[in-house]
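Residue-level listing of the chains:
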Amino acid sequence: QVQLVESGGGLEQAGGSLRLSCVASGRTFSSLAMGWFRQAPGKEREVVAAISRSGGIYYADSVKGRFTISRDNDKNTGYLQMKSLKPEDTAVYYCAAGVILRDVEMTNSRAYDRWGQGTQVTVSS
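Our subject in this report is the structure included herewith. (Residues numbered from 1 in each chain as written. Predicted model: local features only at pLDDT ≥ 70, side-chain atom pairs only at ≥ 80, totals over all residues. Heavy atoms only, no water.)

Grouped together as the largest cluster of nonpolar side chains are 28 residues, with contacts concentrated most on W36, V48, F67, I69, L80, M82 and Y93. Counting only elements with at least two residues in this core, the list comes to β3 (18–24), β4 (33–39), β5 (46–51), β7 (67–72), β8 (77–82), β9 (91–98) and β11 (119–124). In this structure V48 touches W36, F37, R38, Y58, Y59, A60, V63, F67, L80 and Y93, once residues within four positions along its chain are discounted. Among the nonpolar cores identified, the runner-up in size contains eight residues, and A33, F37, V47 and A96 belong to it. (Core = buried A, V, L, I, M, F, W, Y, C linked by side-chain atoms within 4.5 Å. Buried < 20%, exposed > 50% of the residue type's maximum accessible area, 1.4 Å probe, protein only. Helix = DSSP H or I, 4+ residues; strand = E, 2+ residues; numbered from the N terminus. Contact = heavy atoms within 4.5 Å.)

Okay, here's the thing in structure tokens:
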């Protein structure tokens, strides 16, 4: 069973950068799609970015050009590089993994069956 552990969140000023990491236990990470989701207080969880097993990538419009998702299968680790942070990026960020056969399903949180505990990102103005 794959377990996910996020790290890298924190407090950053607007315009700053943070890099989130998601380390997966187990040997099947390379066979899984990975996504980053976030949930702000009072709002629904939303997809931020996702990357398929084959390297297909999706970004939410709100983060395009500012965030970069990547993965290192040799290290069983996924990353979310966040630049030009805005106060509206403040949220708890979750990484997720799942056996997703079609890239179009990467944006659906219900397609993922493994979730990390979440890491808080706070961006001050």
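That was the structure; now back to the text.
Moving on, we come to the sheet that holds β7. Taken in spatial order, the four strands make up an open sheet running β1-β3-β8-β7, and their pairing is antiparallel. Taken across any chain shown, the strands that pair with only one partner, and hence form the sheet edges, are β1 (4–7) and β7. Averaged over all pairs of adjacent strands, the angle between strand axes in this sheet comes to 15 degrees, irrespective of strand direction. In this structure, β1 lies alongside β3, joined through four bridges in antiparallel fashion. What sits directly across from V5, in β3, is V23. (Pairing = 2+ DSSP bridges. Axes fitted to C-alpha atoms, helices over the stretch in contact; angles between N-to-C directions.)

Okay, the state of the cysteines next. Under the defined criterion, the tally for this structure stands at one disulfide. At a sulfur-sulfur separation of 2.1 Å, the disulfide partner of C22 is C95. Residues C22 and C95 are joined by a disulfide whose S-S torsion is about 60 degrees; by sign, that bridge is right-handed. With a gap of 73 residues between them, C22 in strand β3 and C95 in strand β9 connect regions that are remote in the sequence. With relative accessibility at 0%, the residue C22 sits in the buried group. (Disulfide = S-S within 2.5 Å.)

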